[in-house]
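Remarks on the overall topology
Letter by letter, the chains look like this.
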Amino acid sequence: MPPPVRAPIGLHLARITRGVSRAFDEAMVAAGGSTPAWLILISLKTRQLGNQRQLAEAVGIRGATLTHHLNAMEDSGLVARRRDPANRRIQQVELTEAGEAAFHAMRRAATAFDERLRRGVSEEELTVLTRVLDKLHANVAEDADEADEAGATSG
């Protein structure tokens, strides 16, 4: 069997994604934070989230992992948690003044990173890239949906 003419697109995309993610992580650390902290801060800043469960959904991480990050962020004074007076089992999360400052520092770092990432890429190329990435995602999402449906009907 002859070797492939080019690397499989999924493998190439996975490699690129890991490299870009690692570089973004480094940019967030240099700004005094981390990628999870940035995701939490931006979610708190830009959305009306009432509790930790909603925050976990918005950030896309599991509840226990979110709790770990929130504990560290609370210890650092970036967020404050308080019990919901209407339901004591629910934790409300809010930014502190230090959290606001951290948000702005990480936002500057994220903006600079995005500018660095876009360097030499035209708006037209970005539009095409976005369209292609969306198609690639839809292709695997369709396969996952079909597998979920097949599992549901066979059980």
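These figures come from a predicted structure and were not determined experimentally. For every chain, the first residue of the written sequence is number 1, and numbering continues from 1 onward in sequence order. For this predicted model, a pLDDT threshold of at least 70 governs which residues receive local features, and a threshold of 80 or more governs which side-chain atom pairs are given and counted, while totals over whole chains, interfaces and linings are taken from all residues. To get the side-chain values, take all heavy atoms of the structure and skip hydrogens and water.

1. Remarks on the packing of helix H2 (residues 35–46) against helix H5 (residues 97–118)
The N-to-C vectors of H2 and H5 enclose an angle of 110°; their axes lie 10 Å apart at closest approach. By the angle class used here, H2 and H5 are roughly perpendicular. Judged by the twist between their axes, the crossing of H2 over H5 is left-handed. On the side of H2, the interface is formed by Ala37, Trp38, Leu41, Ile42 and Lys45, while H5 contributes Gly99, Glu100, Ala102, Phe103, Met106, Arg107 and Ala110. Each residue gets one of three labels, nonpolar for Ala, Val, Leu, Ile, Met, Phe, Trp, Tyr, Cys and Pro, charged for Asp, Glu, Lys and Arg, and polar for the others, Gly among them. Of the residues contributing to the contact of H2 with H5, the split by class is eight nonpolar, one polar and three charged. Axis lines are fitted to C-alpha atoms, over the contacting stretch for helices. Their N-to-C directions set the angle, which ranges from 0 to 180 degrees. Counting from the N terminus, the helices are the DSSP runs of H or I reaching at least four residues and the strands are the DSSP runs of E reaching at least two. Oblique is the label for every angle not falling under 35 degrees (roughly parallel), over 145 degrees (roughly antiparallel), or within 65 to 115 degrees (roughly perpendicular). Take the far helix as the reference: if the near one is turned anticlockwise from it by less than a right angle, the crossing is left-handed, and if turned clockwise, right-handed. Residue contacts are defined here by distance: any two heavy atoms, one from each residue, within 4.5 Å place the two residues in contact.

2. A short note on the pairing of strand E2 (residues 87–95)
DSSP bridges decide pairing: two strands pair if at least two such bridges lie between them. The pairing of strand E1 (residues 79–84) with E2 spans six bridges and is antiparallel. The residue bridging Arg82 from the neighbouring strand is Gln92, located in E2.

3. With respect to the nonpolar core
Buried Ala, Val, Leu, Ile, Met, Phe, Trp, Tyr and Cys residues that are joined via side-chain atoms within 4.5 Å together make up what is termed a nonpolar core. Think of it in three bands: residues with accessible area under 20% of the maximum for their type are buried, residues over 50% are exposed, and the middle band is partly exposed, with areas taken using a 1.4 Å probe on protein chains only. Met28, Trp38, Ile40, Leu55, Leu70, Met73 and Met106 are the most contacted members of the largest nonpolar core, which has 24 residues in total. Of all the secondary structure elements, the ones that give two or more residues to this core are helix H1 (9–30), H2, helix H3 (52–59), helix H4 (63–75) and H5. If one sorts the elements of this core by residue count, H5 sits on top with six residues. Residues within four places of Met28 in sequence aside, it is in contact with Gly33, Ser34, Thr35, Trp38, Met106, Ala109 and Ala110.

4. Overview of the side chain of Arg81
Looking at the element boundaries, Arg81 is found in strand E1. Within polar-contact distance, the side chain of Arg81 engages the side chain of Gln52 at 3.4 Å. In the analysis that follows, any N or O atom pair within 3.5 Å is treated as a polar contact, provided that within protein one partner can donate a hydrogen and the other can accept it, and provided that, for residues neighboring in sequence, both atoms belong to side chains. At 2.8 Å, the side chain of Arg81 forms a polar contact with the side chain of Glu74. The residues contacting Arg81, other than those within four sequence positions of it, are Gln52, Thr67, Leu70, Asn71, Glu74, Gln91, Gln92 and Val93.

5. Re the pattern of salt bridges
Here, a salt bridge means any side-chain nitrogen of Lys or Arg that lies within 4 Å of a carboxyl oxygen of Asp or Glu. Following the criterion strictly, the structure yields six salt bridges and no others. Among the salt bridges present, the one from Arg118 reaches Asp114, with a minimum N-O distance of 2.6 Å. You can see Arg118 and its partner Asp114 sitting in helix H5, four residues apart, about one turn around the helix. Accessibility expressed as a relative area gives 37% for Arg118, which makes it partly exposed. Exposure remark for Asp114: the relative accessible area of 33% places this residue in the partly exposed category. What emerges from the salt-bridge pattern is a single network uniting Asp114, Arg118 and Glu123.

6. Structural notes on the packing of aromatic side chains
Stacked, edge-to-face and tilted labels apply to pairs of Phe, Tyr and Trp rings (six-membered ring for Trp) whose centres lie within 6.5 Å, assigned for plane angles under 30 degrees, over 60, and everything in between, in that order. Under the defined criterion, the tally for this structure stands at two aromatic pairs. Ring geometry for Phe24 against Phe113: centres 5.2 Å apart, planes inclined by 75°, an arrangement best described as edge-to-face. Taken together, the positions of Phe24 in helix H1 and Phe113 in helix H5 put the pair 89 residues apart, joining distant regions of the chain. Taking relative accessible area as the criterion, Phe24 reaches 16% and is therefore assigned buried. Judged by its relative accessible area of 9%, Phe113 is buried. A centroid spacing of 5.5 Å and a plane angle of 15° characterise the contact between Trp38 and Phe103, whose relative ring orientation is stacked. In this pair, Trp38 sits in helix H2 while Phe103 sits in helix H5, placing the two residues 65 residues apart along the sequence. Each of the two residues, Trp38 as well as Phe103, counts as buried.

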